[in-house]
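# A closer look at the structure
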Amino acid sequence: MCLAKQQVCNYVERISEMLKTSDTSQRDLARLLGVTEQAVSNKMHGKARFSGEELVMMAVFFDVSLDYLTGLSNYPSKIQR
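Below, the structure is looked at part by part. Computed from a predicted model, the values in this text were never measured in an experiment.

Ranked by size, the top nonpolar core spans 18 residues in total, and within it Ile15, Leu29, Phe50, Met58 and Leu69 carry the most contacts. Looking at this core, the elements that each hand over two or more residues are helix H1 (11–21), helix H2 (26–33), helix H3 (37–44), helix H4 (52–62) and helix H5 (66–69). Ranked by residue count, the leading element in this core is H1, at five residues.

Let us look at the pattern of salt bridges. Overall, the coordinates contain four salt bridges when judged by the stated rule. A salt bridge links glutamate 17 to arginine 14; its shortest N-O distance comes to 3.9 Å. Of the two residues, glutamate 17 and arginine 14 are both situated in helix H1; the distance of three residues between them amounts to about one turn of the helix. No difference in accessibility class separates glutamate 17 from arginine 14, as the two residues are buried. Where arginine 27 meets glutamate 37, a salt bridge forms, and the shortest distance between an N and an O atom there is 3.0 Å. In this pair, arginine 27 sits in helix H2 while glutamate 37 sits in helix H3, placing the two residues 10 residues apart along the sequence. Given the relative accessible area of 43%, arginine 27 is considered partly exposed. Residue glutamate 37 is classed as partly exposed on the basis of its relative accessible area, which comes to 39%.

In this structure, leucine 72 sits in the segment after H5. With relative accessibility at 63%, the residue leucine 72 sits in the exposed group.

Here we take up the packing of H2 against H3. At a closest axis distance of 8 Å, the pairing of H2 and H3 adopts a crossing angle of 110 degrees. Comparing their axes, H3 and H2 come out roughly perpendicular. The residues of H3 that touch H2, namely those facing Gln26, Arg27, Leu29 and Ala30, are Glu37, Val40, Ser41 and Met44. Partitioned by chemical class, the residues of the contact of H2 with H3 number four nonpolar, two polar and two charged.

Conventions adopted
- Residues numbered from 1 in each chain as written.
- Predicted model: local features only at pLDDT ≥ 70, side-chain atom pairs only at ≥ 80, totals over all residues.
- Heavy atoms only, no water.
- Core = buried A, V, L, I, M, F, W, Y, C linked by side-chain atoms within 4.5 Å.
- Buried < 20%, exposed > 50% of the residue type's maximum accessible area, 1.4 Å probe, protein only.
- Helix = DSSP H or I, 4+ residues; strand = E, 2+ residues; numbered from the N terminus.
- Salt bridge = Lys/Arg side-chain N within 4 Å of Asp/Glu carboxyl O.
- Axes fitted to C-alpha atoms, helices over the stretch in contact; angles between N-to-C directions.
- Parallel < 35°, antiparallel > 145°, perpendicular 65-115°, else oblique.
- Contact = heavy atoms within 4.5 Å.
- Nonpolar A, V, L, I, M, F, W, Y, C, P; charged D, E, K, R; others polar.

Next comes the structure, spelled out in structure tokens:
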């Protein structure tokens, strides 16, 4: 789990947590990002990486900061719109 106070998590772990807590499937994420389910699967298994644009799209979708999404912060700090 990525929520320990001093722990910096792998961003894929955080994305996986966000998918679970929001009841969002990898298929839903693929649709959001405009990629195939296989592409998302490859990224979730470390065979490829999410682009900066994809990370921003996920942060907006989950309504969290990029720092939180990528594991650099343990505080969601919702995006100011």
